[in-house]
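So you can see what is in the structure, the chains are spelled out below.
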Amino acid sequence: MNTIIDTNFEFPKQKSVYKGKVREVYALENDVLVMVATDRLSAFDVVMPKGIPYKGQILNQIATKMMAATEDIVPNWLSATPDPNVAVGAACKPFMVEMVIRGYMSGHAAREYKAGKRMLCGVAMPDGMKENDKFPEPIITPATKAEQGDHDEDISKEDILKRGIVSEADYEVLEKYTQALFQRGSEIAASRGLILVDTKYEFGKTKDGKIVLIDEIHTPDSSRYFYADGYHERQEKGEAQKQLSKEFVRQWLISNNFQGLEGQTVPHMSDEYIDSVSERYIELYENITGETFVKADISNIQERIEANVLSYLMQQY
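No experiment lies behind these values; they were computed from the predicted model shown. (Residues numbered from 1 in each chain as written. Predicted model: local features only at pLDDT ≥ 70, side-chain atom pairs only at ≥ 80, totals over all residues. Heavy atoms only, no water.)

J.: Would you mind showing me how to read the nonpolar core here?
T.: If you look at soluble globular proteins, the nonpolar side chains tend to sit buried side by side. With 79 residues, the main nonpolar core has W77, Y201 and F203 as its most contacted residues. If you tally residues by element for this core, the top one is helix α7 (residues 271–289), at eight residues. Non-local contacts of W77, meaning those with residues more than four positions away in its chain, are made with L33, M35, M67, A87, V88, G89, A90, C92, V212, L213, I214 and D215. In terms of nonpolar packing, the next biggest core, distinct from the first, is built from ten residues, A109, A110, M129 and I139 among them. (Core = buried A, V, L, I, M, F, W, Y, C linked by side-chain atoms within 4.5 Å. Buried < 20%, exposed > 50% of the residue type's maximum accessible area, 1.4 Å probe, protein only. Helix = DSSP H or I, 4+ residues; strand = E, 2+ residues; numbered from the N terminus. Contact = heavy atoms within 4.5 Å.)

Written out as structure tokens, the structure is:
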């Protein structure tokens, strides 16, 4: 199936392009950013060789819907969505930390816990917990934002302040916004029969000094969800939780001896496996938004995106 893996657009008044693991950000004059969500799949900070059909559309549409659902509590960068894969908004200087918040002991936290660690990013994890147990209170476990090709690294609040990565005043705002977004995200998830297990938020500062939410929010790439129905029963029996997140990709990679470590090779992904990943992303979209996913025309994604963005820019600028 047709997917969008790489873009090379030349938009009017374009100044630069930044290519992240999944998104490509075009900076225009007048502090305007055009963010294109590609179909690239990243796991263990490694971009997989094949794209996932509709993944970019799914990520972009969940993120923009969630920004609209949280803009009353936290300001964000977004101003328009001229294409299913595109968001347009205000240019910001990003903070070089990801604000990871965990309500449950899962994923990376569980792997660290199993290894015997009881501190994560300077935050204590109680003894006697089982994988996927709920923390007494959500914990914030930040990570440094990696340059391209590098791994994100756990970091404590104390080290962030000591190294001057974020000022104390700004960090207090990031903490407050992170907690508010996670609370709202948890409420939205609960209304859909889901549990928001953990997630990450990224923030930036606008030209006039305002801190805003940027990038993605509550997507399967940035978040982990469990189905609420049967959660307690599965925990009591020591069974794996039924979940909607990218963790199923990570587990598949781990079972095929890949965790992004030096010397490891990405296992072959068959067309059937790629289609199954696409279907899981669609499932999450429909569960978290409560809406039927409408597939965009993918006969020529590049042309579609370019036409929609140019039409929007001509009307606006």
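Back to the text.
J.: I'm lost on unusual backbone geometry in this one. Help?
T.: Note on backbone geometry: most residues besides glycine have negative phi, and most peptide bonds are trans. At D31, a position not held by glycine, the phi torsion is positive, near 60 degrees. Along the chain, the position of D31 falls in the loop between β2 (23–28) and β3 (32–37). The backbone phi angle of C121 is positive, close to 55 degrees, even though this residue is not glycine. Mapped onto the fold, C121 is located in the loop between β10 (119–120) and β11 (123–124). Judged by its relative accessible area of 10%, C121 is buried.

J.: Can you walk me through the layout of surface pockets in this structure?
T.: Empty space among the atoms can be located by rolling a probe the size of a water molecule over them. Of the voids in this model, the second largest pocket is the one considered here, and its volume is about 330 Å³. If you trace the second largest pocket, you find 18 residues lining it, with G103, P138, F182, Q183 and S186 closest to the centre. Taken together, the residues of the lining of the second largest pocket break down into eleven nonpolar, four polar and three charged. (1 Å grid on protein atoms, 1.4 Å probe; cavity = no way out; pocket = protein on both sides within 12 Å on 5 of 7 lines; lining within 4 Å. Points joined across faces, edges and corners; volume = space filled by probe spheres on them. Nonpolar A, V, L, I, M, F, W, Y, C, P; charged D, E, K, R; others polar.)

J.: Would you take a moment to explain the packing of aromatic side chains for this structure?
T.: A ring pair, where both rings are aromatic, is described by two values, the distance of the centres and the angle of the planes. Inspection of the entire model under this criterion finds ten aromatic pairs. A ring pair is formed by F9 and Y26, whose centres lie 5.8 Å apart and whose planes are at 50 degrees; its orientation type is tilted. On the criterion of sequence distance, the pair formed by F9 in the segment before β1 (14–19) and Y26 in strand β2 is long-range, its members being 17 residues apart. This pair shows no difference in class: F9 is buried, exactly as Y26 is. (Phe/Tyr/Trp six-rings, centres within 6.5 Å; stacked < 30°, edge-to-face > 60°.)

J.: Could you clarify how one ought to interpret the pattern of salt bridges in this entry?
T.: Where charged atoms from two side chains of opposite charge approach closely, those side chains can pair. Counting across every chain of the model gives 24 salt bridges. The partner of E98 in a salt bridge is K200, and the shortest N-O contact between them spans 3.8 Å. Of this pair, E98 sits in strand β9 (residues 97–104) while K200 is found in strand β15 (residues 194–205), placing the two residues 102 residues apart along the sequence. Given the relative accessible area of 16%, K200 is considered buried. Across the pair D133 and K130 runs a salt bridge, and its minimum N-O distance is 4.0 Å. A residue is classified by how much of its surface remains accessible, and D133, at 17% relative accessible area, is buried. Among the ionic contacts, a cluster of salt bridges with common partners joins R23, E98, K200, E202 and E216. (Salt bridge = Lys/Arg side-chain N within 4 Å of Asp/Glu carboxyl O.)

J.: Can you walk me through helix α6 (residues 247–255) in this structure?
T.: Helical geometry: 3.6 residues make up each α-helical turn, so side chains three or four residues apart lie on a common side. When α6 is considered as a whole, its buried residues turn out to be E247, F248, V249, R250 and L253. The positive-phi residue at the C-terminal boundary of α6 is N257, with phi of around 60 degrees.

J.: Can you help me understand the pairing of strand β17 (residues 223–227) in this one?
T.: Two faces, one strand: in a regular strand the side chains alternate between the faces of the sheet. Among the five residues that make up β17, five are buried, leaving the element largely enclosed by the rest of the structure. Covered by surrounding structure in β17 are S223, Y225 and Y227 together with R224 and F226, the residues of both alternating faces. Note that β17 and strand β18 (residues 243–245) share three bridges and pair antiparallel. Bridge pairing in β18 links R224 to S245. (Pairing = 2+ DSSP bridges.)

J.: Looking at this structure, how should I read the sheet that holds β3?
T.: Remark on secondary structure: sheet strands pair via backbone hydrogen bonds, oriented parallel or antiparallel. Here we have five strands laid out as an open sheet, ordered β1-β2-β3-β7-β6, and antiparallel in their pairing. The open sheet has two edge strands, β1 and β6 (78–83), and neither has a second partner. Pairs of neighbouring strands in the sheet enclose a mean axial angle of 20 degrees, with direction left out of account. One ladder, built from five bridges, connects β1 with β2; its direction is antiparallel. Paired with Y18 across the bridge in β2 is V25. Strands β2, β3, β6 and β7 (86–90) of the sheet are contacted by helix α1 (residues 55–70), whose axis makes an angle of about 145 degrees with β6. The sheet strands contacting helix α8 (residues 301–316) are β2, β3, β6 and β7, and the helix crosses β6 at an angle near 135 degrees. (Axes fitted to C-alpha atoms, helices over the stretch in contact; angles between N-to-C directions.)

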